[in-house]
Every structure is written in structure tokens, then in C-alpha cells.
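Examining the three-dimensional arrangement
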Amino acid sequence: MGVVVRSLEPHEWRTYRAVRLAALQDSPHAYCGSYAQSAEYPEQLWRDWCTATSWFAFLDEDPVGMVRINPEAKEGVPEMLSMWVAPRARGTSVSTELVDAAVVWTWSSGGSGLHLHVMEDNVRARRFYARLNFVPTARHELPDGRYLLEMTRNLA
């Protein structure tokens, strides 16, 4: 069972859409977007997101995870977004390989750090990111009363 992590080409936009919608169905509490809203996004938006700053993990050619980078998110420090791994691929190397792709891109682009937001009550994700040297740097309250924890990894 070999893992392949790669970016998608615009003609593969349906894969991006399918993985994102699967993430929203599987873990709606982990994201700020909704399945219904995302399902209505136009084809061109999905095509635009198929860039060198988004990566998908494939196991035996089946897409099982994704991560995306916003290169200019916070004072020039890229932000890791939309991290998700399918239930059948959890506990494998998929999540680490996706984060590694984001870190390598950030570092090779001259970035000295990478940050992300994770729901404060998502203990499993917080522990995972801590194992990869992300540390809490801020806490933000959402309109619904939940909290987002910002975590940052220094790459310098």
C-alpha cells in the first residue's frame, strides 16, 4: 500500500471537489465551511484550487487526503488549510506525508514558518500537529462559541 502525494491539475478538479465534500461529510465540525455551501461552488473555483499549493494523498490510486496552503495568509507566513485524511487512511503515514509536502513547499519558497488553525476540541489533531513541532500561538472565538487554536511551526 504505497502513498503518493501530489498536486492536482485543473482537469482533475472533480477529485478536489470529491475529497473536500467527503471531508465536510466526515468531519463537519472541523471546518468553517459547510457541505451544502461547498457543493454549490462552481467548477472554475475547484479548477483554480488545483495549484502547486494543494496536495492530495492517494493510496492505490484512490484519493484519501488533502492539504492546502494559503501562501500569504498572515504577515507573509503561509497557512495550512483544509487538512483531511479519510478514515481508512488514518493511523498511516498519510497525514504526516501531507504536512511534509506543505512544509517542504513553504521552506523551499523561502518561508520561515507555517501556521494552521485547528478546532480547540479536536484533541487528536492537536496532538498530531504537536508531534510535528507545531506550537499553540493564539486562540480565537468563533461566532458559535467554539474556539480555533492557532498553531505555528518555525522552519528557520
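The following paragraphs examine the structure supplied in this document. (Residues numbered from 1 in each chain as written. Predicted model: local features only at pLDDT ≥ 70, side-chain atom pairs only at ≥ 80, totals over all residues. Heavy atoms only, no water.)

1. Some words on helix H5 (residues 123–131)
Taken together, the buried positions of H5 are occupied by Ala125, Phe128 and Tyr129. Across the axial projection of H5, the buried residues extend over an arc of 95°, all falling on one side. Seen from the open side of H5, the exposed residues pointing more than 90 degrees away from its buried face are Arg127 and Arg131. At the C-terminal side of H5, Asn133 shows a positive phi close to 75°. (Buried < 20%, exposed > 50% of the residue type's maximum accessible area, 1.4 Å probe, protein only. Helix = DSSP H or I, 4+ residues; strand = E, 2+ residues; numbered from the N terminus. Arc of directions from axis to C-beta.)

2. Side note on the pairing of strand S2 (residues 54–59)
Here S2 lies mainly inside the structure; six of its six residues are buried. Burial along S2 is two-sided: Ser54, Phe56 and Phe58 facing one way and Trp55, Ala57 and Leu59 facing the other are all buried. Relative to S2, strand S1 (residues 3–6) is paired through four bridges, and the arrangement is antiparallel. Within the sheet, the bridge partner assigned to Val3 lies in S2 and is Leu59. (Pairing = 2+ DSSP bridges.)

3. Some points on the layout of surface pockets
The volume enclosed by the largest pocket comes to roughly 990 Å³. Lining the largest pocket are 40 residues, and of these Ala30, Tyr31, Met83, Trp84 and Tyr129 lie nearest its centre. Sorting the residues of the lining of the largest pocket by element identifies helix H1 (13–26), helix H2 (35–39), strand S3 (62–74), strand S4 (77–85), helix H4 (94–108), strand S5 (113–119) and H5 as the ones contributing at least two each. When residues in the lining of the largest pocket are grouped by element, the largest group, seven residues, is from S4. (1 Å grid on protein atoms, 1.4 Å probe; cavity = no way out; pocket = protein on both sides within 12 Å on 5 of 7 lines; lining within 4 Å. Points joined across faces, edges and corners; volume = space filled by probe spheres on them.)

4. Remarks on the packing of aromatic side chains
Going through the model one piece at a time under the given rule, you end up with eight aromatic pairs. Summarising the aromatic geometry, the rings of Tyr16 and Trp46 are spaced 5.8 Å apart at their centres and angled 55° between planes, so their arrangement reads as tilted. Residue Tyr16 is found in helix H1, and its partner Trp46 is found in helix H3 (residues 43–49); the two are separated by 30 residues along the sequence. Neither Tyr16 nor Trp46 differs from the other in exposure class; each is buried. Through successive ring pairs, a cluster of aromatic residues spans Tyr16, Tyr41, Trp46, Trp49 and Phe56. Note that Arg68 overlies the ring of Trp49, its terminal NZ or CZ placed 4.7 Å from the centroid. Directly above the ring of Tyr147 sits Arg139, whose terminal nitrogen or CZ lies 3.6 Å from the centroid. (Phe/Tyr/Trp six-rings, centres within 6.5 Å; stacked < 30°, edge-to-face > 60°. Lys NZ or Arg CZ within 6 Å of the ring centre and 35° of its normal.)

5. Some points on the environment of Gly113
Relative to the assigned elements, Gly113 resides in strand S5. On the basis of relative accessible area, Gly113 is assigned to the buried category, the value being 7%. For the pair Gly113 and Pro78, spaced 35 residues apart in sequence, the C-alpha separation works out to 7.2 Å. In this structure, Gly113 is in contact with Val77, Pro78, Thr106, Arg153, Asn154 and Leu155, ignoring residues within four places of it in sequence. (Contact = heavy atoms within 4.5 Å.)

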